[in-house]
Amino acid sequence: MTLRKDEFARRRKQLMRMMGKGGIAILPAATEKQRNSDVHYHYRPDSDFHYLTGFDEPESVAVLVPGRAQAEYILFVRDRDPARETWDGKRAGPEGAVRDHGADDAFPIGDIDDILPGLMEQCSRVYYTMGLHPEFDLHVIAWVNSLRARAKQGVHTPQEFVALDHLLHDMRLYKSRSEIAVMRRAAQIAVGAHLRAMKATRPGVHEYEVMAELLHEFHRHRADISYHPIVGGGANACTLHYHANDAELQDGDLLLIDAGCEYEYYASDITRTFPVGGRFSPEQKAVYEVVLEAQEAAFGCIRPGNHWNDPHDAAVRAITQGLVRLGLLSGRVPTLVKDEAYKKFFMHRTGHWLGMDVHDVGDYKVGEEWRVLEPGMCLTVEPGIYIPAGTKGVPRRWWNIGVRIEDDVAVTADGHELLTAGLPRTPAEVERAMVA
Ligand code: GLY
Ligand code: MN
Ligand code: MN
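Remember, it's a predicted structure, so these values are computed and weren't measured experimentally.

Peer 1: Would you take a moment to explain unusual backbone geometry for this structure?
Peer 2: Notably, Arg 222 is not glycine yet its phi reads approximately 60 degrees, a positive angle. For Arg 222, the location among the structural elements is in the loop between helix H9 (207-220) and strand S9 (224-225). Phi is positive for Glu 264, close to 50 degrees, though the residue is something other than glycine. Examined against the element boundaries, Glu 264 turns out to sit in the loop between strand S12 (261-263) and strand S13 (266-267).

Written out as C-alpha cells, the structure reads:
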C-alpha cells in the first residue's frame, strides 16, 4: 500500500495553480538532527517537504516557478559522492532527481547561491515559510539583498513575501482517496499492535514489555512510531503524557495505552484502556462506560456540514452527565457544562486533525467560526476521564482510574469512516480480546 505515483505531481500542480504566474515557492528539507556524540536521529523529512516532493534526502531545496518555460519544478540536491555513499548509502544526485523524482531540472545544492537569486529576480511574490529553518531564513534574506544591491543596474527584487505553509497546510487538511487508503493501513497496523498488547498484558509484566509488543508489530509492517507510546498502568494512566513506561503492572489496575504508528509518512493515533488482570472492577467499568458514551456522542456529530467543535461539545455533555450519574459531580448538567466543571476530570480536547503529522496541520477556525467538516478531513476522537489519587471530593474507590478511548476517523460524503475499525472498544469486547 503506497500513495498513487502521480500524487506528488498533482500536489505541485495544485499549489502552482494557487500561486499563479509571478510566484516562486522555496521549500528547504529539514536538517539532520544530532542525538548525541556523532550519532544522528534517523532522518525523517519535514512533512511539508515530503508532501510536495516525495524526495527524502537531507540538504535538498525544492523550488516551484509556475509558468516558467524551461522548468517549473527545480530540485537542489546533494551531489553524487562515491566516498560518502560508501558510508551512508546511495544519493540520487541531480541526474537521479530528474530521472526518478519528477524534477524538471536539478542542480547540486552547492550551486544554489549562484542560481536561486536569478530565479527570484523574475518573480514578484516569494512563497516561503519564515522562521521554521532559521539558518535557511538567512540564505533567503541574503539572496533578496543580493538582488537589492544590484537595483541600480536594473535588477528587479520581488515585492511580496507570502506564507507558504498557509497554502500547503490547507491542502494537507483534505486527504485524497489515495491518502486515506494509506491512513487506513496505518490505522490497521496500529489496531494489530493494540490487540497484541492486550494479549501480552498480565500482572507482573512491565510497561516497557508491553511497549515492545507494540514496536514489534509496527516494525514488522515497515511502520515506525508516530509518537513515543504512552503505556501507563494504575496511577500512570492519569498522567496525560506519561512516557517513562518502566513500572510493573499490578493486578486490579487499569492499563492505558496511547500508541500509533507512522506508515508511508501517515500517522495513526489510538488509545485503549483495559484491566491488567483481565476484568474491569465495577468502578473502572462505570467510568469506562461514560467515556464510551462520550465517544459515541462525538462520533454522532462527525459528518459534512457540522462544525469542528460539535463532537467536542457532545463529548463534554455526555461526560458531564455521566459524572453526575456516578456522583462525581453534582448540580445541573447545563450549569456544570457552562462552568467547565468537567475539566477537573476531562482536561483535554476531544480530538485533533490527523495526517502526516499526528497533530496534523490545518486551521480549526475560519475567522471566528469553528471550521465546517468536509469530506477528506481526518481527525481523532479521544474523550477521557482521569481521577488521580487524592482528587478532592472523590471517594478512594475511584482513585487511580484513568480512561481514554481514542479512534481515528475520516469524514466522508455522508458521515465518517472509522479508520481504526476492528479494535475492541466495549468492556465486554476488551475483556474477551484479552483472553482470546
Ligand atoms: N498521542 C497524542 C494524542 O493523543 O494526541
Ligand atoms: Mn493518542
Ligand atoms: Mn490524539
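Further notes follow.
Peer 1: Please clarify how the coordination of the manganese ion (ligand 3) should be interpreted in this entry.
Peer 2: Around a metal, the idealised angle for a tetrahedral arrangement of four donor atoms is 109.5 degrees; for an octahedral arrangement of six donor atoms it is 90 or 180 degrees. Protein-derived coordination of the manganese ion (ligand 3) comes from Asp 269 (OD), His 352 (NE2), Glu 382 (OE) and Glu 406 (OE), at a distance range of 2.1 to 2.2 Å. Viewed at the metal, the 6 donor atoms of the manganese ion (ligand 3) are separated by angles of 51 to 153 degrees, and the geometry they form is irregular. In this model, the manganese ion (ligand 3) sits 3.3 Å from the manganese ion (ligand 2), the two metals being bridged by Asp 269. A residue pair is termed long-range when its members are at least 10 positions apart, and Asp 269 in the loop between S13 and strand S14 (270-275) and His 352 in the loop between helix H12 (333-338) and strand S15 (365-366) qualify at 83 residues. For the pair formed by Asp 269 and His 352, the shared burial category is buried.

Peer 1: What exactly am I supposed to notice about the side chain of Asp 269 here?
Peer 2: Buried within the structure, Asp 269 lacks any salt-bridge partner; Arg 404 is the closest side chain of opposite charge, at an N-O distance of 6.8 Å. There is a polar contact of 2.8 Å between the side chain of Asp 269 and the side chain of Tyr 227. Beyond its immediate chain neighbours, meaning those up to four positions away, Asp 269 contacts Tyr 227, Asp 258, Ala 259, Gly 260, His 352, Leu 354, Val 358, Thr 380, Glu 382, Glu 406, Asp 407 and Asp 408.

Peer 1: What is the right way to read the nonpolar core from this model?
Peer 2: Inside soluble globular proteins, nonpolar side chains tend to come together where they are buried. Within the largest apolar cluster, 109 residues are counted, with the highest numbers of intra-cluster contacts made by Leu 15, Leu 75, Ile 257, Ile 385 and Trp 398. With 11 residues, the top contributor of residues to this core is helix H8 (residues 177-200). Those residues in contact with Ile 257 that sit more than four places away from it in its chain are His 194, Ala 197, Val 210, Leu 214, Ile 230, Val 231, Ile 270, Thr 271, Arg 272 and Phe 274. Counting residues in each nonpolar core, the second largest holds 21 residues, with Cys 123, Phe 136, Val 144 and Leu 147 among its members.

Thresholds applied
- Residues numbered from 1 in each chain as written.
- Chains lettered and ligands numbered in written order.
- Predicted model: local features only at pLDDT ≥ 70, side-chain atom pairs only at ≥ 80, totals over all residues.
- Heavy atoms only, no water.
- Helix = DSSP H or I, 4+ residues; strand = E, 2+ residues; numbered from the N terminus.
- Donors = N, O, S within 2.8 Å, 3.2 Å for Na, K, Ca; no water.
- Tetrahedral: all angles 85-135°; square planar, octahedral: opposite > 155°, others 65-115°.
- Buried < 20%, exposed > 50% of the residue type's maximum accessible area, 1.4 Å probe, protein only.
- Lys, Arg positive; Asp, Glu negative; His and termini not counted.
- Salt bridge = Lys/Arg side-chain N within 4 Å of Asp/Glu carboxyl O.
- Polar contact = N/O pair within 3.5 Å; in protein donor to acceptor, adjacent residues only side chain to side chain.
- Contact = heavy atoms within 4.5 Å.
- Core = buried A, V, L, I, M, F, W, Y, C linked by side-chain atoms within 4.5 Å.

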